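Chains, contacts and geometry: an overview
Listed below, chain by chain, are the residues.
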Amino acid sequence: MSVSLFMVGTVALSMIADSREPEHAKERFAAVMDTAVQIANPDYRFHGFSNDGDGASDRLRLTGEPLAASDGIAEDIHGDGVTYEVTRDSSGKVDAGSALSIGDSALDQSLMTIGERDQSQDAARRQARKRLDALPAAMNAVALVEFERPLTASQLVDFTRRHGHCGMTTYIYRPFGHGNGLNPENAISWHVGMNPFPDTAGLSHECEKEPEAALASYRSWVAALRPQDDAGLRQLALTRAGLADAAGKGVAHAFVAESWILADLRALLDDPQVRTVRVTDVAFNLVSRS
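Residues numbered from 1 in each chain as written. Predicted model: local features only at pLDDT ≥ 70, side-chain atom pairs only at ≥ 80, totals over all residues. Heavy atoms only, no water.

1. Let's talk about unusual backbone geometry
The backbone of Ala-237 sits at a positive phi, close to 60 degrees, despite the residue not being glycine. Positionally, Ala-237 belongs in the loop between helix H7 (230–235) and helix H8 (240–249). Under the relative-accessibility criterion, Ala-237 is labelled buried at 16%. Residues other than glycine seldom take positive phi values, yet Ser-259 does so here, at roughly 60 degrees. Examined against the element boundaries, Ser-259 turns out to sit in strand S8 (residues 251–261). (Helix = DSSP H or I, 4+ residues; strand = E, 2+ residues; numbered from the N terminus. Buried < 20%, exposed > 50% of the residue type's maximum accessible area, 1.4 Å probe, protein only.)

2. Considerations on empty space enclosed by the protein
In total, this model carries one cavity of 30 Å³ or more according to the counting rule given. Every residue lining the largest cavity is counted, 10 residues in all, and those nearest its centre are Gln-38, Tyr-44, Arg-45, His-191 and Met-194. Of the residues forming the lining of the largest cavity, the biggest block, three residues, is contributed by strand S1 (residues 44–51). When the residues that make up the lining of the largest cavity are grouped by side-chain class, the tally is five nonpolar, four polar and one charged. (1 Å grid on protein atoms, 1.4 Å probe; cavity = no way out; pocket = protein on both sides within 12 Å on 5 of 7 lines; lining within 4 Å. Points joined across faces, edges and corners; volume = space filled by probe spheres on them. Nonpolar A, V, L, I, M, F, W, Y, C, P; charged D, E, K, R; others polar.)

3. Quick word on the pattern of salt bridges
Inspection of the entire model under this criterion finds 19 salt bridges. The partner of Asp-58 in a salt bridge is Arg-88, with the nearest N and O atoms 2.9 Å apart. Of this pair, Asp-58 sits in strand S2 (residues 58–66) while Arg-88 is found in strand S3 (residues 82–88), placing the two residues 30 residues apart along the sequence. The buried category is assigned to Arg-88, whose relative accessible area is 17%. The salt bridge involving Arg-278 is made with Glu-146; its shortest N-O contact spans 3.0 Å. (Salt bridge = Lys/Arg side-chain N within 4 Å of Asp/Glu carboxyl O.)

4. Considerations on the nonpolar core
Core analysis: the largest hydrophobic core is formed by 58 residues, its most contacted members being Tyr-173, Tyr-218, Trp-221, Leu-243 and Leu-265. Of all the elements, helix H2 (residues 22–40) adds the most residues to this core, at eight residues. Other than its neighbours up to four places away in sequence, Leu-243 contacts Ile-39, Ile-188, Tyr-218, Trp-221, Val-222, Leu-225, Leu-233 and Leu-238. Residues Leu-67, Ala-69, Leu-107 and Val-256 belong to the second largest nonpolar core, which totals 13 residues. (Core = buried A, V, L, I, M, F, W, Y, C linked by side-chain atoms within 4.5 Å. Contact = heavy atoms within 4.5 Å.)

5. Remarks on the sheet that holds S2
Read from one edge to the other, the open sheet built from four strands follows the order S1-S2-S3-S4, with strand pairing classed as antiparallel. Each having just a single partner strand, S1 and strand S4 (94–95) make up the two edges of the open sheet. Pairing geometry for S3 and S4, over two bridges, is antiparallel. Residue pairing across strands places Thr-87 opposite Asp-95, the latter belonging to S4. (Pairing = 2+ DSSP bridges.)

6. Description of the packing of helix H6 (residues 210–223) against H8
When two helices pack together, you describe them by how their axes are tilted relative to each other and by the distance separating the axes. Across the interface, H6 lies against H8 with an axial gap of 10 Å and an inter-helix angle of 145 degrees. Helix-helix and strand crossings are classified by hand; for H6 and H8 the assignment is left-handed. Mapping the contact onto sequence places Tyr-218, Arg-219, Trp-221 and Val-222 in H6 and Leu-243, Ala-244, Ala-246, Ala-247, Gly-248 and Lys-249 in H8. (Axes fitted to C-alpha atoms, helices over the stretch in contact; angles between N-to-C directions. Left-handed = near helix turned anticlockwise from the far one by under 90°.)

7. Quick word on the layout of surface pockets
Estimates place the volume of the second largest pocket at around 190 Å³. Every element with two or more residues in the lining of the second largest pocket is listed here: helix H4 (121–133) and strand S9 (274–283). Tallied by class, residues from the lining of the second largest pocket come to three nonpolar, four polar and five charged.

8. A look at the sheet that holds S9
A sheet is described by the order of its strands in space; here five strands give the open sequence S7-S6-S8-S5-S9, paired in antiparallel fashion. Of all the strands in the sheet, the pair left with one neighbour each is strand S7 (188–190) and S9. Sheet twist, expressed as the mean angle between neighbouring strand axes with direction ignored, is 25 degrees. Where strand S5 (residues 140–152) meets S9, eight bridges bridge the pair, whose relative direction is antiparallel. Bridge pairing links Val-145 to Val-277 in S9. The strands touched by helix H5 (residues 153–163) within the sheet are S5, strand S6 (170–174), S8 and S9, with S5 carrying the most contacts at an inclination of about 135 degrees.

9. Notes on the packing of aromatic side chains
Evaluation of the coordinates by the stated rule reveals 11 aromatic pairs. For the ring pair Phe-159 and Phe-255, a centre distance of 6.0 Å and an interplane angle of 70 degrees mean the geometry is edge-to-face. With a gap of 96 residues between them, Phe-159 in helix H5 and Phe-255 in strand S8 connect regions that are remote in the sequence. Taking relative accessible area as the criterion, Phe-255 reaches 6% and is therefore assigned buried. Above the plane of the ring of Phe-29 lies Arg-88, whose end atom (NZ or CZ) is 4.2 Å from the centre. (Phe/Tyr/Trp six-rings, centres within 6.5 Å; stacked < 30°, edge-to-face > 60°. Lys NZ or Arg CZ within 6 Å of the ring centre and 35° of its normal.)

10. A short note on H5
When we look at burial in H5, the residues that qualify are Ala-153, Leu-156, Val-157, Phe-159 and Thr-160. Taken end-on, H5 shows its buried residues confined to a sector of 165 degrees, consistent with a single buried face. Against S5, S6, H6, S8, helix H9 (262–268) and S9 lie the buried residues of H5. Gly-164 lies just past H5 and shows a positive phi near 70 degrees. (Arc of directions from axis to C-beta.)

The structure is reproduced here in structure tokens:
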């Protein structure tokens, strides 16, 4: 995903965190909601953003496609997608209903199972192996990889080094269902392409350090949130308290693996830190591997 997509957020949040001027408030709303929609929808990849509200209201549009396995050739060709719309009227009422789609995809369904412990780790891995073995090992896939116990950023760096895969990984810092029983909160996802502060903490975005850079950028975004952002966040089943709690804990419960081949996903099941691998989409790899 192009980092340029999020330049609105980069400029707005880094320059207006404490501003009270009306035009800056509109920029803040666009920057916060742009990123919040992505947090709430890890099963989509967004490539378009617009803000065409008038002087009294805001109307944001984010365009993207369902996250799908690539054949290795058509990665940059956008297929049928969706446009999420977020509006704020002159009274300050926010409507982001179209951008909240919990449970309507295979990845969402898998995210909702994080933390379930109705079977042992060995049983969960046996079940995952059986499903992976039923598919050609060279196919490309999208999958949710759940850890047996949440990992810190430094542990994730070690994990990445061991398995040799990194780059634009989406980390799940909190699963679905937190909050009170009447109003469960959304899962919290993040990847470095959402970073509103490119130079956060001076961390390099080199591949092996990606988990640390991702957490630092997520924490910076959360720290920039203000009470005036609450109405928009609530529309996406997110809260500042929940986002701050996940930032403080700084652990990943799972990650979304993109552009992995099934053979490499199966190998993860030999790692004691992995509980299970849930494949959510596959595609034939049309590019020969050396």
